Amino acid sequence: MQQLLNGLFLGSIYALFAIGFTLVFGILDRLNLAHPAAFAASAFVGIWLTEAFDLPIGVVLVLVFFFGAVMGLLIERIAFRPLKDRPDAHFAGLISSIALAGMLIALLQAAFGPNTRRFPAGTVPEGGVEVAGLTASYMQIAILVICLGLMIALTVLVNRSALGRSMRAVAENPTAARVLGVNVDRVTALTFAISTALGAVAGVLFALNVNSAQLGMGGAIELKGLAVIIVGGMGSLPGALVGGLLLGVAEVFAIQYIGSSWRDLIAFALLFLILLVRPQGLFGKRKVREV
């Protein structure tokens, strides 16, 4: 049970990262491969804010959330909007986002250097809670609460707000949404902002969880984020949540009972198994081809 709990803590970070990925894909049908670079950049910025200004971690998370939102707006404006009218906009945007990710990592290295960075000692209070033989540190509890809170807030936003209705209209048919008066460019920009803001918070939480931030940390989690959204169903927010939790639990059990070198093998074996049984993912819808 303790390992199951640890897996849920890790999986909640994967889920938050993947939800940012799947939000853009599900609504705009775009794959933003600059998302992992924003994830890494936010971790470094979070550490810098903590060290330079001695800010509490709660304030750092709020600032990083807005930093991520600004990054999302820039990513959309630079890498995607200039290409939106091209016939190959999907592919061109994907390549453009890869190029922008490389530029972000280069800027990150110029600003902070190539070395691993860590949050100062005492950033999160030590200690934890023990209930029924299960132990959870304050940091793990905070990670789980923050991740679940942001996921619930996003779900409410998409399903209950005017912006959410506009997002769903654009996801269904951008041309029809524009005819009905939806500002598609504004919805697109806000979708990128929200997506990257969630990824930014995930980056800080991941750095806190493993006690390090590296330039390549985004690339390491990128494949897992893609695996999560494929397992859950492309474009499905509940699927990204369940897929992230499943991946986290699978990794923790693999480390505990087989060995750390097997963690990725077990995680991606789970991916293949699910896709063999349900190719569209756990929450995906099977597409019907009409002729």
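Heads up: the structure comes first, above all this text.
The shown structure was predicted, so the numbers you read here are calculated from the model rather than taken from an experiment.

Moving on: the overall build of the chain. Counting secondary structure elements, the chain contains eleven helices and two strands. Mapped from its N terminus to its C terminus, the chain presents α and β elements in the order α-α-α-α-β-β-α-α-α-α-α-α-α. Computed over the C-alpha atoms, the radius of gyration of the chain is 19 Å, within 12% of the 19 Å expected from 2.2 N^0.38 for a compact globule of 291 residues. Viewed in the frame of its principal axes, the chain has a C-alpha envelope of about 55 × 45 × 35 Å. Across the 291 residues in the chain, those meeting the buried criterion constitute 48%. Once local pairs closer than 6 in sequence are excluded, the contacts in the chain between residues at least 24 apart make up 75%. Carbon together with sulfur atoms contributes 65% to the accessible area of the chain, which is approximately 14400 Å² in total. Side chains of the chain give 19 positive and 14 negative charges; the mean places of these two sets differ by 8 Å.

Under the 1.5 Å per step criterion, the end-to-end length of helix H5 (residues 138-160) is 32 Å for 23 residues, consistent within 8% with the ideal 33 Å. Buried within H5 we find Gln-140, Ile-143, Cys-147, Met-151, Leu-154 and Val-158. Where H5 is buried, its residues meet helix H1 (2-28), strand S2 (134-137), helix H6 (162-172), helix H8 (184-210) and helix H10 (237-257).

Quick look at the environment of Glu-251 now. Assignment of secondary structure puts Glu-251 in helix H10. Its relative accessible area of 0% is what places Glu-251 among the buried residues. Measuring from C-alpha to C-alpha, the distance between Glu-251 and Leu-10 comes to 8.8 Å, with 241 residues separating the pair along the chain.

The next subject is the side chain of Asn-32. Note on placement: Asn-32 falls in the loop between H1 and helix H2 (35-53). Given a relative accessible area of 2%, Asn-32 falls into the buried group. A distance of 3.1 Å separates a polar side-chain atom of Asn-32 from the backbone nitrogen of Ala-34. Leaving out residues up to four positions away in the same chain, Asn-32 has contacts with Phe-21, Val-24, Ile-75, Phe-80, Ser-97, Phe-192 and Thr-196.

Relative to S2, strand S1 (residues 128-131) is paired through four bridges, and the arrangement is antiparallel. Bridge pairing in S2 places Val-129 opposite Ala-136. Between S1 and the antiparallel strand that follows it, S2, lie two residues; Ala-132 among them carries a positive phi value of about 55°.

The subject of this paragraph is the packing of H10 against helix H11 (residues 263-277). Relative to each other, H10 and H11 sit at 135°, their axes nearing to 8 Å. Classified by the interaxial angle, the pair formed by H10 and H11 is oblique. Handedness of the crossing formed by H10 with H11: right-handed. Contact with H10, carried on its side by Leu-246, Leu-247, Ala-250, Glu-251, Ala-254 and Ile-255, involves Arg-263, Asp-264, Ile-266, Ala-267, Leu-270 and Ile-274 of H11 and no other residues of that element. Class assignment for the residues of the contact of H10 with H11 results in nine nonpolar, no polar and three charged.

A few words on empty space enclosed by the protein. Tallied over the entire structure, the rule returns one cavity of 30 Å³ or more. Approximately 40 Å³ is the volume found for the largest cavity. Lining the largest cavity are Ala-227, Val-228, Val-231, Gly-243, Leu-246, Leu-247, Ala-267, Leu-270 and Leu-271. Going through the elements one at a time, helix H9 (217-232), H10 and H11 are the ones with two or more residues in the lining of the largest cavity.

A few words on unusual backbone geometry. Even without being a glycine, Asp-29 presents a positive backbone phi close to 60°. For Asp-29, the location among the structural elements is in the loop between H1 and H2. At Asp-54, a position not held by glycine, the phi torsion is positive, near 55°. Position of Asp-54 relative to the elements: it lies in the loop between H2 and helix H3 (57-80).

Between the first and last C-alpha of H2 there are 26 Å, a value that for 19 residues agrees with the 27 Å anticipated at 1.5 Å per step. The element H2 is largely enclosed, with a buried count of 15 among its 19 residues. Asp-54 sits one or two residues past H2 and shows a positive phi near 55°.

In this section: the layout of surface pockets. Its volume calculated, the second largest pocket comes out at about 180 Å³. Looking at the second largest pocket, the residues that line it are Phe-119, Pro-120, Ala-121, Gly-122, Thr-123, Val-124, Glu-126, Met-139, Leu-208, Asn-209 and Asn-211. Each residue belonging to the lining of the second largest pocket can be placed in one class, and the counts come to six nonpolar, four polar and one charged.

About the criteria used
- Residues numbered from 1 in each chain as written.
- Predicted model: local features only at pLDDT ≥ 70, side-chain atom pairs only at ≥ 80, totals over all residues.
- Heavy atoms only, no water.
- Helix = DSSP H or I, 4+ residues; strand = E, 2+ residues; numbered from the N terminus.
- Rg over C-alpha atoms; globule rule 2.2 N^0.38 Å.
- Buried < 20%, exposed > 50% of the residue type's maximum accessible area, 1.4 Å probe, protein only.
- Contact = heavy atoms within 4.5 Å.
- Areas by Shrake-Rupley, 256 points an atom, 1.4 Å probe, with all protein chains shown as cover.
- Lys, Arg positive; Asp, Glu negative; His and termini not counted.
- Charge placed at Lys NZ, Arg CZ, Asp CG, Glu CD.
- Expected span 1.5 Å × (residues − 1).
- Polar contact = N/O pair within 3.5 Å; in protein donor to acceptor, adjacent residues only side chain to side chain.
- Pairing = 2+ DSSP bridges.
- Axes fitted to C-alpha atoms, helices over the stretch in contact; angles between N-to-C directions.
- Parallel < 35°, antiparallel > 145°, perpendicular 65-115°, else oblique.
- Left-handed = near helix turned anticlockwise from the far one by under 90°.
- Nonpolar A, V, L, I, M, F, W, Y, C, P; charged D, E, K, R; others polar.
- 1 Å grid on protein atoms, 1.4 Å probe; cavity = no way out; pocket = protein on both sides within 12 Å on 5 of 7 lines; lining within 4 Å.
- Points joined across faces, edges and corners; volume = space filled by probe spheres on them.

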